[in-house]
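Letter by letter, the chains look like this.
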Amino acid sequence: MAEKSEPSPSSEQFITLLNAAHGRLLAFLRVMLGNNADAEDVLQRASMTIWRKFSEYDPGKDFFSWASSFAFYEAKNFQRISARSRLHFDDELMERLAEERVRDLDHREARLAAMDRCIEELDDSGRELVREFYLHDTALSALAERLGRAPQTLYNKLNTLRRLLADCMKRRLAQEAT
């Protein structure tokens, strides 16, 4: 019976980097291709190319930027040969969409990081209320019943928390911009 082989360090590094970039790469392709199914197909093909070229990757550089260039060319190729795609963009527009999407994803991550830090600054009850309502999508009426509070009271508390979070995020993002 053959022993199961362990992945090489470069395989593990590749898997770790690709998994970390997967969501951003998929979002990047979704913008370029117009739908999720095509984006997933193209990401699958791009992942194979990225794997074949991984030995050329410089670990000192941003993996997403490096990998997104392969995804970009796979998307362009997909659009050229795909008769089922209703969206056909010229090369210049595809390049512009790709550049803008990378910038948008970078800003999105900064906003999410700022939001996480701001949520952590809330008191325990505020943090729990925000997480239950927004992250776990718990209905306000169910939260009110579980906490033994009036729905209007929780609604008012959520409005206050939203304002606090918005102010905190503006401050944090302004600090990071300078």
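Residues numbered from 1 in each chain as written. Predicted model: local features only at pLDDT ≥ 70, side-chain atom pairs only at ≥ 80, totals over all residues. Heavy atoms only, no water.

Looking at the side chain of Arg-127
Moving on, step 1. As for its position among the elements, Arg-127 is in helix H5 (residues 124-135).
Moving on, step 2. A polar atom in the side chain of Arg-127 sits 2.3 Å from the side chain of Asp-124. (Helix = DSSP H or I, 4+ residues; strand = E, 2+ residues; numbered from the N terminus. Polar contact = N/O pair within 3.5 Å; in protein donor to acceptor, adjacent residues only side chain to side chain.)

A short note on unusual backbone geometry
Only a minority of non-glycine residues have a phi that is not negative, and only a minority of peptide bonds are not trans.
Moving on, step 1. Even without being a glycine, Asp-137 presents a positive backbone phi close to 55°.
Moving on, step 2. You can see Asp-137 is positioned in the loop between H5 and helix H6 (140-147).

Some thoughts on helix H2 (residues 36-53)
Moving on, step 1. An ideal rise of 1.5 Å per residue puts 26 Å on 18 residues; H2 measures up with 25 Å between its terminal C-alpha atoms.
Moving on, step 2. The opening residue of H2, the one whose side-chain oxygen lies 3.1 Å from the backbone nitrogen of Ala-37, is Asn-35. (Expected span 1.5 Å × (residues − 1).)

A look at the packing of H2 against helix H3 (residues 63-81)
Moving on, step 1. The interhelical angle for the contact between H2 and H3, taken along N-to-C directions, is 125°, at an axis separation of 8 Å. With respect to their mutual orientation, H2 and H3 come out oblique. Classified by chirality, the crossing of H3 by H2 is right-handed. Contacts from Asp-38, Val-42, Arg-45, Ala-46, Thr-49, Ile-50 and Lys-53 of H2 reach H3 at Phe-63, Trp-66, Ala-67, Phe-70, Ala-71, Glu-74, Ala-75 and Phe-78. (Axes fitted to C-alpha atoms, helices over the stretch in contact; angles between N-to-C directions. Parallel < 35°, antiparallel > 145°, perpendicular 65-115°, else oblique. Left-handed = near helix turned anticlockwise from the far one by under 90°. Contact = heavy atoms within 4.5 Å.)

Observations concerning the state of the cysteines
Moving on, step 1. By the definition in use, this model includes one disulfide.
Moving on, step 2. There is a disulfide in this structure between Cys-118 and Cys-168, and the S-S distance comes to 2.1 Å. Looking along the S-S bond of the Cys-118-Cys-168 disulfide, the torsion reads about -85°, which is the left-handed sense. Within this pair, whereas Cys-118 is found in helix H4 (residues 91-121), its partner Cys-168 is found in helix H7 (residues 151-177), the two being separated by 50 residues in sequence.
Moving on, step 3. The buried category is assigned to Cys-118, whose relative accessible area is 2%. (Disulfide = S-S within 2.5 Å. Buried < 20%, exposed > 50% of the residue type's maximum accessible area, 1.4 Å probe, protein only.)

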